[in-house]
Structure formats: C-alpha cells, structure tokens
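Per-entry structural report
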Amino acid sequence: MKQKIYRNIAIVSAIFIITLAIMLVTNYFQVKEVSPLQSQVVETLKQLNDQNAGNTELQEQIRQLDLMARKAYFISMDHLMNGVYLLLGMLAVFIVCTRLYYTHFKDVPDKELDPIDEWAVKSQARKYVNYGAAGVVAVAVVFIIFSMPFMKKTSPDVKEELVAQLVEDESSEVQEETAPLKEVSTDEEDADTVIKETGNATDEAVNATDEKSSDAHEVSVTEEDTKIAADASGTVTTEESPSSTSKEAEVTGEAQEAEATATKESAEPEKAMPINTINSPAFRGKQSSGISPAINLPMKWNLANGTNIAWQTKINGKGQSSPVIYGNKIFITCGDEKARELFCYDLNTGENLWTYNVTGIPGSPAQVPETTDDTGLASASVATNGKQVCAVFGTGDLVCTDMDGNKLWAKNLGVPDNHYGYASSLLIYDNKLFIQYDNNNVQKVMALNPATGDVIWSKDRKERITWSSPMIADVSGSPQLVLMGNPGITGYNPSTGDELWRVECLMGEVGASACSMDGIIFGASEYAKMVAINCSDGSVLWESMDYLPEVASPVANKTNIYIATSYGVVASFDPKTGELKKEHETNGEFYSSPILAEGKIYIISNDGTMHIFKADDDFALLDSFATGENTYATPAFTNGRIVVRTDNSIYCVKVN
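Now for a quick tour of the structure. (Residues numbered from 1 in each chain as written. Predicted model: local features only at pLDDT ≥ 70, side-chain atom pairs only at ≥ 80, totals over all residues. Heavy atoms only, no water.)

**What about the overall build of the protein chain?**
Of the regular secondary structure elements, the protein chain holds 9 helices and 33 strands. Counting the 656 residues in the protein chain, one finds 51% classified as buried. In the protein chain, of all internal contacts separated by at least 6 residues, the share reaching a separation of at least 24 is 59%. For the protein chain, the computed accessible surface area is about 30,400 Å², with 52% contributed by carbon and sulfur atoms. (Helix = DSSP H or I, 4+ residues; strand = E, 2+ residues; numbered from the N terminus. Buried < 20%, exposed > 50% of the residue type's maximum accessible area, 1.4 Å probe, protein only. Contact = heavy atoms within 4.5 Å. Areas by Shrake-Rupley, 256 points an atom, 1.4 Å probe, with all protein chains shown as cover.)

Right under this line is the structure:
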C-alpha cells in the first residue's frame, strides 16, 4: 500500500515539475529582455514627452504607464522566484518518494525462481527509471538557472558591441567638447594670506555659533569643521584662539607690508578669500541628514541672464553625483566607459583645481557594467572629512585622495551586479567610511578607515538590491547608522556594525534614503509605504501611503516631514501621526532631494525649476523659478552660497 502511495506522489510531482519548469522557462524567454527603463515602449514614451513638453495630460499618462511597467516588472520577478522555490520543493518530494518506492526492490526475492533473468529485467527497469528521474531533475535545474535573470551574464562580445556602439554615437560630441584635464594644483598660499584666512575663519566660526540659536533647526557648526577648514582650502592650520592669531599676525607684519607694496603695482589687487566653515561633506550634507546650518542664502537666480550667479563651469563628463563642499573646495565625480574621474573645484571661482583619473586598480573590470542613463557609473556622491576625499564608481572602484588630489589608496569592492547601476553614496562619520553595497551578487555594509582603506568591520545584509544611501541618526545623544533596504530598514551601531533593530516594511525599487528627528526614523519608498520607527527599540509608530518618493529622500524637522515625489507632488506630514497636512501640485519630477535650510525647504525638479517653501505648518510656496538647466543632483549649501550640479555644468549661486 505504501509503495503505491510513494509511486503516485512521485508521478504527480514529476508531472508538476515538468509543467512548472516549462512555464518558468517560457516566462524567462518572455521577460529576459524586459527592463522597466530600457524597453522600446519606454523609449517611445520618452520621445513623445520630449516632443510635447507642455502637454501635462500626456505627461501624467506617461508617468502612470511608467509606474505600471516598473511595478509589473518587480511583481513578475517576485512571482518568478516563488516559482523557482516551489519547483525546488517539488524536486525534493519527487526524489524522496522515488527513493522510498524503490527501496523494497533492492531486496533479493525469497522464493525459488530463476534469479538471473527476472532480476536482470527488474534491474534494467530500475536503471531506466533512474535515468528518467535524473533527466527530469537535470531539465528542471537548467530551467531554474534560465529563470533567474540575476544569474545571466552578458557575454564579453555583446558588451564590446554595446560599448562600441555608444562610443561611435557619442565620439564626435565628446571630442569637440572635452578639454584637456588640468594638472593637480599644488600652489601654496603665502604666509600672510594664511594668517588673514585663519583670522577670518575664526571670526566666522564665532559668528556661526552665535547664529545657531536663530536657526530654525538647531544645527550648529562643530569643532571638527573649524579645525580642518583651513586644510580644505589648501592651507595648514590648527585650533587657535583669536589672541594667538593676532600674535602671529604681529610677528609677520613685515610680510604683510611687503605684500601690500606688491599688490599696489598690479592693476587689480587680489583679495584673500575667507575660509568657508559651513561644510556639506556628503550627500544631503553633514551625516546625510538633509538639514543645513547655512544662512544668508539666495532665493532667486537665473543662468541665462546671470542673476546671482557667482560662476558657472562646464563639466566634461557624465555623472549624477551631488556636489560636496569642504572648506573652499567642491568635489564631484564623472564616469563613462572610457574614464572615471574625481574633480575638485574652487568654491570662490569655479576653477578646476585638480582632477584624479581612476586607473590601475586591481580587480577593476576591463569592461564596465551596463547601466541606465538615469544612473550611469558616477551616481554615488563622494564623502570627505577635510583630510581624505573618498569616491566610489559603478565599476566597484573605491578611491581615496588627500585634499590636493594625491592618491592615498584604492581598491575594487567587486563589480556590482545591478540592472540600473550602483548609486549608494558614501558617508564619513567618526573617522569611519561607511559603504552600503546592496547588489544582486552581494549585500553588505562596511566601515573602512578613510586614511588607509583598512576594513574596520563588515556585515552581511539580508536585503535585495537597493539604491539608497546610509545616514546617521541621533538617538538620545547616541549615533545610529541607518540603512534603507528591500525589505528592511535597519539600524546599526556605527562603532561595531552590530545590528540594533530591523523592520521589514519595504519592497520594489528602494532609492530614497531615510531621515530622522528626535530619535524617530522616517523611511519611504514609492512601491511600499512611509514608516515611522522608534530607534530606541525598533517599534513601528505609524504607517502612511498618501504620497511616496521614488528617488528623492525625505527630510524632517520637529513639526513636519517633507516628501517630493517623481510625479510632481510635494507634501508635508505630521511626524507624530503620519497625517497628511498639506500638498502642492507642481509640473516637475523630483530626483533631487529636498534640503532644509534657514527655515525653508529648497527642492529642484529634473527640469531645473527651483521651488522654495516655508518649512512650517503652512508650508507656503515662497517662490518657484526656472534656473535654465536640467538638474538631477542634490545641491550643496554653505553660508551665502548654493552649489548646483546640472547635466552639463556646475555653478555657484550667491547674492550679489
């Protein structure tokens, strides 16, 4: 009786395996070329959108189709993986039942008979059954492999053809527009200029401390900013009081007089630029919080007529990384199939001070990974602490230089397996470089020594591919490293990497980073929900699904959370309840993250329209104006200045 049950189960499971395997491989051939951003339909929709830029109704229809295509893609991937797991389970059932069924026939018969012929017949039958079972297993395994898109690698020949095509299409433009790279500048400031700048830096630090009480968000200048500000501008200073600076100035009085005499001979004497002390050392500013202590910020500018434009410099390269400011220096990255580069610009003039070309890194791929235009190879923003500048690219190359562009160390983290491209920005905190590396082939978070590149700690993660970036949250005076993921939002001890809490609440494309206020983490993603998490114990306080961001990260103060969506809605929520408080409909699409500064929300849309809102319960729109160039990166803020990266240039806004 048992033998019949085993046999029947084995037969049913075999039929199920064959049927499901055929369905999976059929599905594979249907979706293997499908990508939510690279299909022919999406390309056609993009062309229609470009041809009908003013048709808001068409844009809304295109947006809805795009969202449905993306959602359908990820649902299909989830169903595919569920089918794979089900197929593996049925394989196990088939093997076990087949094994149990034939266990009885392994015994030699007790009765008298011709053992040779009958036993030979049964042995031959068992052999055919075993071969058949092995064949079914082999076919099912092959189908499983075919059904996993993340296991399929593009052949080098195909990649070479794609790269060759890209080079052929763009070579004419690049050859005409690309200027020779500037050499690393190593000029040092004169001694008297150093003294002047140090005095100005000290005064600005004192002023910044006084201004802290008037800042609506209570973010102050740290001692570390003041200590290293001179380093970032190319000079070397240490902590000094105003009195010590004055004494040094007296000693070098003769040098100052000599410079005064020399400048009189020039037609236009140069002024010593004060050292900037309000830094934006990472994506979304310090600790990647989205909050800036900068003051005296401009509220109107225009690239076409030069209104409040201090300078504008053309960028000779592709990239979506956001600008980072430390001292009087600005850092961005560019990258394509031909070169990956780290650029440094002067905050006051826009001059390209130096360019570091990323080459010769062991483990770096000979052929770059395929990415979409929205991401590219230089989407992750750099991080700096005023001593080291660290940058990572879509090839997995991680490099670190000093503030003058001299290489300190470099390594390859492993080529990311990522259908859009690697996009998680870097963050330096407490002398640790944090890297979120969630890809198809590896999921981990690491802390490295920024001075040496040595691994301090590394932790495996349970997430799927993610494009968001790490941030630091303050929880009752203690820092927590917070990472978004699919499906979890996780808090880590930044010193040890120990997991403090984890909440599984997300799905799909997780591109936005988290924000925090008063020990509460706010995480949101367009294909899931917005969640408020108590960092003390990891408990969920509330959930909301009213408006959700795709790429732009939220920002919060004590009274509101601010969200910018990819379909043009900007909204504010109550941080205690998640209740929608106010919303604004715009004609834009937001990839750039909102920044909270001087009691206002600054958010720029992809078409370059800047929107400025009052950061209070009224959430009133103060102004909205076109800047003149498409903008996807998040601007960087410092006292009196805003630095913006566009598709083609980098520019600085300053009230004239």
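Alright, that's what it looks like, and here's the rest.
**Digging into the pattern of salt bridges**
Under the definition given, this model contains 10 salt bridges. Close ionic contact of R461 with D438 constitutes a salt bridge, the shortest N to O distance being 2.9 Å. Remark: D438 occurs in strand β12 (residues 432-438) and R461 occurs in the loop between β14 (455-460) and β15 (471-475); sequence separation between them is 23 residues. Note on accessibility: R461 and D438 belong to one class, buried. Salt bridges sharing partners connect three or more residues here, namely E463, R502 and E504. (Salt bridge = Lys/Arg side-chain N within 4 Å of Asp/Glu carboxyl O.)

**Points about empty space enclosed by the protein**
Per the counting criterion, the structure on display carries 3 cavities of 30 Å³ or more. Computed from the structure, the largest cavity encloses a volume of approximately 510 Å³. Lining the largest cavity are 28 residues, and of these S379, A423, W467, G511 and V551 lie nearest its centre. Taken together, the residues of the lining of the largest cavity break down into 10 nonpolar, 14 polar and 4 charged. (1 Å grid on protein atoms, 1.4 Å probe; cavity = no way out; pocket = protein on both sides within 12 Å on 5 of 7 lines; lining within 4 Å. Points joined across faces, edges and corners; volume = space filled by probe spheres on them. Nonpolar A, V, L, I, M, F, W, Y, C, P; charged D, E, K, R; others polar.)

**Thoughts on the sheet that holds strand β31 (residues 636-638)**
Within the open sheet, the 4 strands sit side by side as β2-β33-β32-β31. Their pairing is antiparallel. The two strands at the open ends of the sheet, each matched to only one other strand, are β2 (309-314) and β31. With direction set aside, neighbouring strand axes in the sheet form an average angle of 15°. (Pairing = 2+ DSSP bridges. Axes fitted to C-alpha atoms, helices over the stretch in contact; angles between N-to-C directions.)

**Here's the deal with the nonpolar core**
Core analysis: the largest hydrophobic core is formed by 30 residues, its most contacted members being F522, M530, I561, Y562, F573, L596 and I601. Listing elements by their share of this core, those giving two or more residues are β19 (515-517), β20 (520-524), β21 (530-534), β23 (555-556), β24 (561-564), β25 (569-573) and β28 (600-604). Apart from residues no more than four positions distant in its own chain, F522 is found in contact with A514, C515, S516, M517, V531, A532, W542, P554, A556, I561 and P575. (Core = buried A, V, L, I, M, F, W, Y, C linked by side-chain atoms within 4.5 Å.)

**Re the side chain of N560**
The topology assignment puts N560 in the loop between β23 and β24. For N560, a relative accessible area of 0% puts it in the buried group. There is a polar contact of 2.9 Å between the side chain of N560 and the side chain of T559. (Polar contact = N/O pair within 3.5 Å; in protein donor to acceptor, adjacent residues only side chain to side chain.)

**Points about the pairing of strand β32 (residues 641-645)**
Extensive coverage of β32 is indicated by the burial of 5 of its 5 residues. Burial along β32 is two-sided: R641, V643 and R645 facing one way and I642 and V644 facing the other are all buried. One ladder, built from 3 bridges, connects β31 with β32; its direction is antiparallel. Bridged to A636 within β32 is V643. Here β31 folds back onto β32, and the loop between the two strands holds 2 residues, one of which, G640, carries a positive phi near 75°. Of the strand pairs in this sheet, β32 and strand β33 (residues 649-654) are connected by 5 bridges, and their pairing is antiparallel. Within β33, the residue paired with V644 across the bridge is Y651. The hairpin formed by β32 and β33 contains 3 residues between the paired strands.

**Some remarks on the sheet that holds strand β11 (residues 427-429)**
Taken together, 4 strands build an open sheet; the order of strands is β11-β12-β13-β14 and the sheet is antiparallel. The sheet terminates laterally at β11 and β14, the two strands that pair on one side only. Strand-to-strand twist in this sheet, taken as the mean axis angle between neighbours without regard to direction, amounts to 20°. The pairing of strand β13 (residues 443-448) with β14 spans 5 bridges and is classified as antiparallel. The partner of V445 across the bridge, within β14, is K459.

**Observations concerning unusual backbone geometry**
In this structure, P487 follows N486 across a cis peptide bond, with omega equal to 20°. Positionally, P487 belongs in the loop between β16 (478-483) and β17 (488-492). Although it is not a glycine, Q287 sits at a positive phi angle of roughly 60°. In this model, D518 sits at a positive phi of 55°, which is unusual for a non-glycine residue. In this fold, D518 is placed in the loop between β19 and β20. Classification of D518 as exposed rests on a relative accessible area of 54%.

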